[in-house]
There are 2 protein chains.
Amino acid sequence: MQNIEYIFNPRSIAVVGVSESNFAKLAFLDPLIEFKYKGEIYPINPKVKEISGLKAYASILDVPGPVDHVICCIKASLTPQLMRECVIKGVKSIHLFTSGFSETGEEKGIRLEREIVDIAREGGVRIIGPNCMGIYCPRSGISFDNSFPKEEGDVAFLSQSGGNSVELVQLGSVRDLRFSKVISFGNASDLNECDFIEYLAHDPQTNIILIYLEGTKDGKRLINALKEAAKRKFIIILKGGVSDAGRRAVASHTGALAGDRSIWNAFFDQLGIVQAQDLEELVDMALAFKHLKSPKGKRVGIIGVGGGFGVLATDNCENEGLSVPSLPDKMKKKLREIVPEEVDPGTSVRNPVDLSTSGWNLDIFSRALKTLADYEGIDFLFVYTTVAFGLYRGTNVMVDMLIDTIIEEKKSIDKPLVVVVRSSGDPEVAPFVHDVQERLLKAGIPVYPSTIRAARVMSRFIWSFLKRR
Amino acid sequence: MQNIEYIFNPRSIAVVGVSESNFAKLAFLDPLIEFKYKGEIYPINPKVKEISGLKAYASILDVPGPVDHVICCIKASLTPQLMRECVIKGVKSIHLFTSGFSETGEEKGIRLEREIVDIAREGGVRIIGPNCMGIYCPRSGISFDNSFPKEEGDVAFLSQSGGNSVELVQLGSVRDLRFSKVISFGNASDLNECDFIEYLAHDPQTNIILIYLEGTKDGKRLINALKEAAKRKFIIILKGGVSDAGRRAVASHTGALAGDRSIWNAFFDQLGIVQAQDLEELVDMALAFKHLKSPKGKRVGIIGVGGGFGVLATDNCENEGLSVPSLPDKMKKKLREIVPEEVDPGTSVRNPVDLSTSGWNLDIFSRALKTLADYEGIDFLFVYTTVAFGLYRGTNVMVDMLIDTIIEEKKSIDKPLVVVVRSSGDPEVAPFVHDVQERLLKAGIPVYPSTIRAARVMSRFIWSFLKRR
C-alpha cells in the first residue's frame, strides 16, 4: 500500500486551462475560493492576467512557489507538454479533467494516455484520471461543485464516473450524509480503484466507503484491497456494467473492462459486501450503515397508521427476505390493552400492528411502539407514516408530533428502527417532508420514502452482518 | 352484470353521524359542499339543528324529500337500526365508513355484518363497505377528501383499502392523473370487487382501471370479470397479501381471503394484466398506459447527458428484460456527424448515446434524438436528464430548454418515448421538478424519477401488449 494522503493535502493547486468564463472556473477554480482552500491557488492561462481575482500565470513553470497539485482542463493533445512541465516543477499529483484518451477506444487516445502516464511515472507525478472530476475533500477545501456541503463527514465515495460523483453527493447531502473524501477517478490510468480503496481502508476520517465501479484492470489486487477494506470499514458497491449492453457502455465511458456479473456477485457476496442497484439505493444503504447497530436477525415488527399501508409494507418486507412474525397471544393482549377493540375497531395487533386512527393519539402510539420494541421475538422495528394522507387539513401537525414521539421513544429502544415517510411528491409538501426527514436523521433514525426501499435496505443490511458474523 | 350506475348519481345524500367537529364532516360532508354536489345534502344528527350551514335532521326518516344515498358514520352496533330505516325510506345505496364488522375476525362483528346485509338485501338497498372510504366521483361532486382534484379524468381506482385509495389519488394527481371513479370498498359485504369491475369495464368515462385488491370470496366470478374488463380497458393490479405474513395482515384488515400468490400470478399473467408492487408503481404504470401507444418490441434507444448515468440506465433496462441493442456503423457515423469526437471526446454513440456536455446544445440534442428515433432497429426511446446535477448554477435553465426540445421533437416522433428526470430531492428544487414533469405529461410524455422505475414500467407495459397481441 502506498501512502497517497498528500494528494488530499496539497500546499498549492494550479488550475490549468481556466478562463474567466469556462467550465474549469465554475467546476474547479471557484470552488477552491468558495471552500476557503488554505493553500495557494494559481490559475494558469497565457492569455490573461487575472481570473476570479487571482493572478494568472502563463505556465506552471512561471509560478513563483511550489505547485503540489495540478488540475488539468486543457485539450488532450496538449497534455504531454504539461506533464513534462509538471515533472520539471516537481508537481506531486495531477488531476486530468480532460477527456479524449483511452475511453474513446481509438488508438490515438490510447497512445496519448500511455504517453502521459510514462512521463508521469518517470518523473514521480501521480495521475488522477483522466476523464474525471477529481477530488472533493471539504476538510482541505477542495471541491468540484460550489453547492456541495462545506462540513465534512465520515462517508467516502469512490466513483469511476464524474457525473455520478456529483449526483451522489447531492442525493446524499440532502439526506444528511457528509463526506470525508469523494474521488472521481475516470480512466484510472495511474492511480486506480485499488490505490484509493487501500488508502480509504486506513483513512481515520472514513467509516463508510461507497463505490461506483465500472471495471478493473487488476482483479486480483482489487479482491485483496476490498477484502482488507471490508475488515475495517462498511463498503457498499454499485457495479456499473452488469448487463451485456452495460458492459459495452462502460467500455465507451471509462474504457474499463466490466467483467462478468456472476463473478462479481460471487465475490461481493463472499465478502459480505452489499451491492446497490442505483445511486439512490447507495444513499439508502449508507443511511442504514451510518445510523444502525448490527441487528440480531431478520424478524421485523411493523407498526403504523393504516391497514392497506401495513399490508403492503408486510409484503415488501417478506418479498425482500425479511420475516414478519405473527405476535403471540400474550403480546396481542398487551397491545389490546393499549387500543381496546371497542374504542377503535379498525386496529389490528397481529403484526403488522395497524393502530388505525388511534395511532394519531401520541400516548397510544408511544406505548404500542415501546411494547412492540420490548418483545424478544422481533429484531428490529419498522414504523410507517405518510404525509400524502390529506384527509385532515392538520395532517402535517399530526405527523410532526408523531415524529417527535418516535425520536423520544427511540432513546430507550435498543433495537434498530427505521421509519418510512411517504409523500405525494407535491412540491408544497416537500419542505415539510425534508424537515421531518432531517429531524429523524439527526436523531440517528434512517428514513426512507417508500416501504420497498426500506425493506430492500434492511434486508441487505442485515444480510451483511449475518454474513460477516 | 348489474347496472350500478345509480350509486354514482344519487339525487340526494344523507351523512349519518356527522357532527360539527368529527371526521365524518371533514371526510364526507364538507367535500360534498366543496365539490359542488348538485343534489340535496342532509346531515343526520339528532343533537343539532345545523352542520356546515345545512339543516340537520334527527333521522333519515325525518328528511322531507327522497334519500338516494347514505354515508354511514355511526357505531357498528347502531347500524342495523339505520339499515331498517334505509329500507323504509327507499334508500338505493349506503356506504358504511363504520368499521367493527367481519374484519375484526370476531364472531360478534361477523354476525353484525351478516345482519345488516340481510336487511339490505331484503329491502333492496345496496351496500358499499363496511370499513371503507366509499366513493370519489368528481363528475357528480362526491369525494372523501377536500384536496382531491375537482376535474375528472379517465382513470378509475378500485381499492379494498381506504387509506390506499386516498394515497393513490394524491400520488396520481400530482403526476397529472385525473379520475373517473374511485371506489374504496372495504369488506365487500354486498357490492364487491366483481360488481365494480363489471361496472367499470363498461363505464364510458373510464379507460384505465387501477385495482388494489386484498382478496376475493368468489374467485371464479372475479376471473371472468377481469377477463371481460381486460378486453375493453387497461388494467393494472396491486395485489395486497402476496406474502404469508401479508395474507395474515389482509385477514385483519378487510377480512378477505388473500389466496395463494402463484395462483394469482398465473392468472394475471395469462390475461396480460400488469401487476404493480406498490402504489407508486401503480401510478408509474398508469402514466405509460395513459400516454403511450403500443410499442413494436422491447428494443430501447437510450440517450442523454452523462456516461455513468447512461451505464446505469442500460443496466436497469437490461435487468428488467428490455434490450439495449448496439448501433450499426451506419448509425454511429450519422451520430458522429452531429457530435464529432474532436469537438467533444466525452461523447459515445454506441447506445446508450451519451452526448456528454454537447447534449446541452439544443441543436445537437434534437438532431441526435431524431436520428436515434428514426432508426428502425429500436422500438422506443428512453431519454435521461437530471436536475440534481448542480455544476452550473444555470442547470435549471438548461434542463428547462432541454425539456422544451424533447416536447417539440416528440411531435414528429412516432415511437413511444419516456423521460427520466432525476432530482436530488432538495425541497428548493421540488417546484422546478414538478413543473418540468407537468410540462412533459401535458405533452403526453410519461416521466419518471429514476431509471429503475422507468425500466420496470416499460418492461411490463411492453410485456402486456406482446402478451395480448
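Labelled according to an unreviewed UniProt entry, chain A appears under the name acetate--CoA ligase (ADP-forming), originating from Methanoliparum thermophilum. Of the comments in the UniProt record for chain A, the one headed Catalytic activity (unreviewed entry) reads "acetate + ATP + CoA = acetyl-CoA + ADP + phosphate".

Here the focus is the overall build of chain A. Looking only at helices and strands, chain A has 15 helices and 19 strands in total. Here the C-alpha coordinates of chain A stretch approximately 85 × 45 × 35 Å along the principal axes. Buried residues in chain A amount to 66% of all 469 residues. Nonlocal contacts in chain A, meaning residues at least 24 apart in sequence, comprise 75% of its contacts between residues at least 6 apart. When the accessible surface of chain A is summed, it comes to about 16,600 Å², and 50% of that surface belongs to carbon and sulfur atoms. Where the 58 positive side-chain charges of chain A centre and where its 59 negative ones centre are 4 Å apart.

With 82 residues of chain B in contact, the opposing surface of chain A contributes 82 residues. For the chain B and chain A pair, buried surface summed over both sides reaches about 6,100 Å², with 57% attributable to carbon and sulfur atoms. At the junction of chain B and chain A, the tally comes to 4 salt bridges. Between B:E280 and A:R422 there is a salt bridge whose closest N-O contact spans 3.8 Å. Inspection of the chain B/chain A interface yields 16 residue pairs in polar contact (both at pLDDT 80 or more). Residue assignment for the side of chain B that touches chain A shows that the elements contributing at least two residues are α1 (23–34), α4 (162–174), β12 (234–239), α7 (244–254), α9 (279–291), α10 (307–319) and α14 (430–442) of chain B. Residue classes in the side of chain B that touches chain A are distributed as 32 nonpolar, 32 polar and 18 charged.

Looking now at the pattern of salt bridges. Side chains carrying opposite charge are able to pair once their charged atoms draw close together. Residue and element names in this part refer to chain B. Under the definition given, this model contains 66 salt bridges over all chains. For K411, the salt bridge goes to E408, with nearest N and O atoms at 3.0 Å. Accessibility expressed as a relative area gives 63% for K411, which makes it exposed. For E408, a relative accessible area of 47% gives the class partly exposed.

Once chain B has been moved 0.0 Å along the axis and rotated by 180°, it coincides with chain A to within an RMSD of 0.0 Å. Taken together, the rotation angle and the small translation identify this as a two-fold axis. When C-alpha positions in chain B are compared against the rotation axis, the closest is assigned to B:A430, at 3.3 Å. An overlap of 100% is found between the interface residues of chain B and their copies at the interface of chain A, pointing to a shared contact surface.

The subject of this paragraph is the pairing of strand β5 (residues 69–72) of chain A. Residue and element names in this part refer to chain A. Side chains H69 and I71 of β5 all project onto a buried face; the interleaved residues V70 and C72 project onto the opposite face, where all are buried too. For strand β1 (residues 12–16) and β5, the ladder comprises 4 bridges, and the chain directions are parallel. In the sheet register, V15 faces β5, and the bridge partner there is I71. Read as a crossover between parallel neighbours, the route from β5 over helix α2 (residues 79–89) to strand β6 (residues 93–96) is right-handed.

Before going further, it helps to spend a moment on the packing of α10(B) against helix α15 (residues 451–468) of chain B. Residues and elements named next belong to chain B. Close contact between α10 and α15 brings their axes to 9 Å; oriented N to C, the two are set at 30°. The hand of the α10/α15 crossing is right-handed. The residues of α15 that touch α10, namely those facing F309, L312, A313, N316 and C317, are T451, I452 and A455. Looking at the contact of α10 with α15 residue by residue, the class counts come to 6 nonpolar, 2 polar and no charged.

Quick look at empty space enclosed by the protein now. With a probe scaled to a water molecule rolled over the atoms, the places where space remains empty come into view. Applying the stated criterion across every chain, the model contains 4 cavities of 30 Å³ or more. Taken together, A:R248, A:A249, A:S252, A:H253, B:G307, B:G310, B:V311, B:G346, B:S348, B:R350, B:P352 and B:D354 make up the lining of the largest cavity. Contributions of two or more residues to the lining of the largest cavity are made by α7 (244–253) of chain A together with α10 of chain B. In terms of residue count, the dominant contributor to the lining of the largest cavity is α7(A) (4 residues). Its residues placed into classes, the lining of the largest cavity shows 3 nonpolar, 6 polar and 3 charged. Its boundaries defined by the atoms lining it, the second largest cavity holds a volume of some 60 Å³. Taken together, A:G307, A:G310, A:V311, A:G346, A:S348, A:P352, A:D354, B:A249, B:S252 and B:H253 make up the full set of residues lining the second largest cavity. Counting residues per element, the ones that place at least two in the lining of the second largest cavity are α10 (307–319) of chain A together with α7 of chain B. Its residues assigned to classes, the lining of the second largest cavity shows 3 nonpolar, 6 polar and 1 charged.

Residue and element names in this part refer to chain A. Strands sit in the order β8-β10-β9-β11-β12-β13 across an open sheet of 6 strands; the sheet is mixed. A strand with exactly one partner marks an edge of an open sheet, and here the two such strands are β8 (134–136) and β13 (274–275). Sheet topology places β8 next to strand β10 (residues 179–184); 3 bridges connect them, and they run antiparallel. Each bridged residue has a counterpart across the sheet, and for G134 the counterpart in β10 is S184.

For an α-helix, 3.6 residues make a turn, and residues three or four places apart therefore share a direction. Residue and element names in this part refer to chain A. Taking 1.5 Å of rise per residue, the 16 residues of helix α13 (residues 395–410) would be expected to cover 22 Å, and the 22 Å separating its terminal C-alpha atoms lies within 8% of that figure. Listed as buried for α13 are T395, M398, V399, L402, I403, T405, I406, I407, E409 and K410. Close packing links the buried residues of α13 with α12 (362–374), β17 (380–386), β18 (417–422) and α14 (430–442).

Okay, the domain arrangement of chain A next. Reports often express the size of an interface as the amount of accessible area lost when the parts come together. Residues and elements named next belong to chain A. We note that the domain assignment places domain 1 (1–131), domain 2 (147–291) and domain 3 (294–468) within chain A. Between the C-alpha centres of domain 2 and domain 3 the distance comes to 31 Å. Facing 23 residues of domain 2, the contacting portion of domain 3 comprises 21 residues. Together domain 2 and domain 3 conceal approximately 1,800 Å² of surface at their shared face, both sides included; 57% is due to carbon and sulfur atoms. Looking only at domain 2, the three residues that lose the most surface to domain 3 are R175, D176 and H291, adding up to 26% of its buried area. Counting across the domain 2 and domain 3 interface gives 3 salt bridges. Counting every contact that joins domain 2 to domain 3 gives 9 residue pairs in polar contact (both at pLDDT 80 or more). If you tally residues by element for the side of domain 2 that touches domain 3, the top one is helix α9 (residues 279–291), at 8 residues. Counted by class, the side of domain 2 that touches domain 3 contains 11 nonpolar, 5 polar and 7 charged residues.

Residue and element names in this part refer to chain B. An order of β8-β10-β9-β11-β12-β13 is seen for the 6 strands of this open sheet, with the pairing classed as mixed. Looking along the sheet, the strands with just one partner apiece sit at the ends: β8 (134–136) and β13 (274–275). Here strand β9 (residues 155–159) runs beside strand β10 (residues 179–184); their pairing, made up of 4 bridges, is parallel. Paired with L158 across the strands is I183, a residue of β10.

Next up on the list: unusual backbone geometry. Here the residue pair A:G129 and A:P130 is connected by a cis peptide bond, since its omega of 0° sits within 30 degrees of zero. With respect to the helices, strands and loops of the structure, A:P130 is situated in the loop between β7 (126–128) and β8. At the junction of A:N351 and A:P352, the peptide bond is cis and its omega measures out at 5° in the coordinates. Examined against the element boundaries, A:P352 turns out to sit in the loop between β15 (348–349) and β16 (353–354). Even without being a glycine, B:N131 presents a positive backbone phi close to 70°. Relative to the assigned elements, B:N131 resides in the loop between β7 (126–128) and β8. Positive phi is not limited to glycine here, since B:N351 has a value of about 80°. Mapping B:N351 onto the fold places it in the loop between β15 (348–349) and β16 (353–354).

A separate point is the side chain of B:H69. Residue and element names in this part refer to chain B. Counting through the fold element by element, H69 comes out in strand β5 (residues 69–72). Among the residues examined, H69 registers a relative accessible area of 3% and is labelled buried. A polar contact of 2.7 Å, which involves the side chain of H69, links it to the side chain of S93. Leaving out residues up to four positions away in the same chain, H69 has contacts with P10, S12, I13, A14, S93, I94, H95, I128 and I135.

The rules behind each value
Residues numbered from 1 in each chain as written. Chains lettered and ligands numbered in written order. Predicted model: local features only at pLDDT ≥ 70, side-chain atom pairs only at ≥ 80, totals over all residues. Heavy atoms only, no water. UniProt positions renumbered as here; feature names shortened; annotations may be inferred. Helix = DSSP H or I, 4+ residues; strand = E, 2+ residues; numbered from the N terminus. Buried < 20%, exposed > 50% of the residue type's maximum accessible area, 1.4 Å probe, protein only. Contact = heavy atoms within 4.5 Å. Areas by Shrake-Rupley, 256 points an atom, 1.4 Å probe, with all protein chains shown as cover. Lys, Arg positive; Asp, Glu negative; His and termini not counted. Charge placed at Lys NZ, Arg CZ, Asp CG, Glu CD. Buried area = accessible area lost by both parts, 1.4 Å probe. Salt bridge = Lys/Arg side-chain N within 4 Å of Asp/Glu carboxyl O. Polar contact = N/O pair within 3.5 Å; in protein donor to acceptor, adjacent residues only side chain to side chain. Nonpolar A, V, L, I, M, F, W, Y, C, P; charged D, E, K, R; others polar. Least-squares fit on C-alpha atoms with pLDDT ≥ 70 in both. Pairing = 2+ DSSP bridges. Right-handed = clockwise from strand over helix to strand, strands pointing away. Axes fitted to C-alpha atoms, helices over the stretch in contact; angles between N-to-C directions. Left-handed = near helix turned anticlockwise from the far one by under 90°. 1 Å grid on protein atoms, 1.4 Å probe; cavity = no way out; pocket = protein on both sides within 12 Å on 5 of 7 lines; lining within 4 Å. Points joined across faces, edges and corners; volume = space filled by probe spheres on them. Expected span 1.5 Å × (residues − 1). Domains from an automatic or database assignment.

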